[in-house]
Amino acid sequence: MKKNFRKRRATSVQKKKQVQRYTRLGLIILAVLTAILLVLTILKIVKPGWFEKGYFELSSEEIDASKPEIDVQLLTVNEYSRPGAETDKIRGIVVHYTANPGSTAMDNRNYFEHLKDTKATQVSSNFVVGLDGEIVQCVPTWEVAYASNERNKDTVSIECCHPDESGKFTQETYRSMVQLSAWLCMKFDLTEDDVIRHYDVTGKNCPKYFVEDEEAWKQFKADIKTAIANGGFEDG
């Protein structure tokens, strides 16, 4: 009789310990799942772009305040400069130079526009930054521009004017390039490391000045980083 009692008691203790183990395990799993959910919630707030698969834009007072003045002069939809094709999720900003010394932003915009008539080639850009810092938008950011080869579908392109063959930009052009790049980074949840040169896509010497002067390129990206943090360009 005593033997059976001790056996039942031992079995009861084992079951109690087993329940305690399962309870502890359940609490651990619940804590892990709660932590994962918390991390995902924080990431959703801090880096919302990570959770988007298609084209998206962020909007806030800070982003709106950092937007530079843009003259919207959209091209006519045509197969030579504005095909009207939708982009994918924007993953980068590509900087170019016009390779046409002394030309203005509107000169280049009009060249893109006339391609529908001349049919000479397929080329365009989302934005053109002029010699006086003016910014002309040619193609919406949610549409493909013919600028960056295989990166046309997931990047926004910025074509930049320059006064001479060196490809070096005026201070006014440079300032607008930084402001525009920073605003686009904020708009598409990117960083200065997502700003690249045409050279980085194809190996082409474009933009010439930033390809031949690596330190100038590094400084440009540093200025974009500062502009993102401060909501605008600051003269150094």
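If you're wondering where the values come from, they're calculated on a predicted model, not measured in any experiment.

Reading the values: the criteria
- Residues numbered from 1 in each chain as written.
- Predicted model: local features only at pLDDT ≥ 70, side-chain atom pairs only at ≥ 80, totals over all residues.
- Heavy atoms only, no water.
- Phe/Tyr/Trp six-rings, centres within 6.5 Å; stacked < 30°, edge-to-face > 60°.
- Buried < 20%, exposed > 50% of the residue type's maximum accessible area, 1.4 Å probe, protein only.
- Pairing = 2+ DSSP bridges.
- Helix = DSSP H or I, 4+ residues; strand = E, 2+ residues; numbered from the N terminus.
- Contact = heavy atoms within 4.5 Å.
- Axes fitted to C-alpha atoms, helices over the stretch in contact; angles between N-to-C directions.
- Expected span 1.5 Å × (residues − 1).

Novice: Give me the lowdown on the packing of aromatic side chains, citing residues and values where you can.
Specialist: Scanning the entire structure with this criterion turns up eight aromatic pairs. Between F210 and W217, the aromatic rings sit 5.4 Å apart at their centres with planes inclined by 55°, giving tilted as the arrangement. By relative accessible area, which is 1% here, F210 ends up buried. Counting every residue linked through ring pairs, the aromatic cluster contains F169, Y174, Y209, F210, W217 and F220.

Novice: An account of the sheet that holds strand β4 (residues 135–137) is needed here, citing residue identities and associated values.
Specialist: Sheet strands pair via backbone hydrogen bonds, and the direction of the pair is either parallel or antiparallel. If you trace the six strands from one edge of the open sheet to the other, you get β1-β4-β3-β5-β2-β6, paired in mixed fashion. Of all the strands in the sheet, the pair left with one neighbour each is β1 (71–72) and β6 (195–197). Examined bridge by bridge, strand β3 (residues 127–129) and β4 share three bridges and lie antiparallel to one another. Its bridge partner being in β4, V129 is matched across the sheet by I135. Strands in contact with helix α3 (residues 105–118) are β3 and β4; relative to β3, the strand with the most contacts, it is inclined by about 150°. The strands that helix α7 (residues 214–230) touches are β2 (92–97) and β6; relative to β6, the one it contacts most, it runs at about 155°.

Novice: Describe helix α4 (residues 171–187), with residues and values.
Specialist: Structurally, the α-helix is built with 3.6 residues per turn, so residues lying three or four positions apart point the same way. End to end, α4 covers 24 Å across 17 residues, agreeing with the expected 24 Å (1.5 Å per residue, within 8%). Immediately downstream of α4, the backbone of D189 shows phi near 60°, a positive value.

Novice: So what's going on with unusual backbone geometry? Residues and values would help.
Specialist: Following C206, the chain continues to P207 via a peptide bond in cis, the omega torsion being -5°. Secondary-structure assignment places P207 in the loop between α5 (198–202) and α6 (208–212). Phi at A99 takes a positive value of approximately 60°, unusual for a residue other than glycine. Considering the arrangement of structural elements, one finds A99 in the loop between β2 and α3. The residue N149 is not glycine, and still its phi comes out positive at about 55°. With respect to the helices and strands, N149 occurs in the loop between β4 and β5 (155–160). With a relative accessible area of 43%, N149 lands in the partly exposed category.

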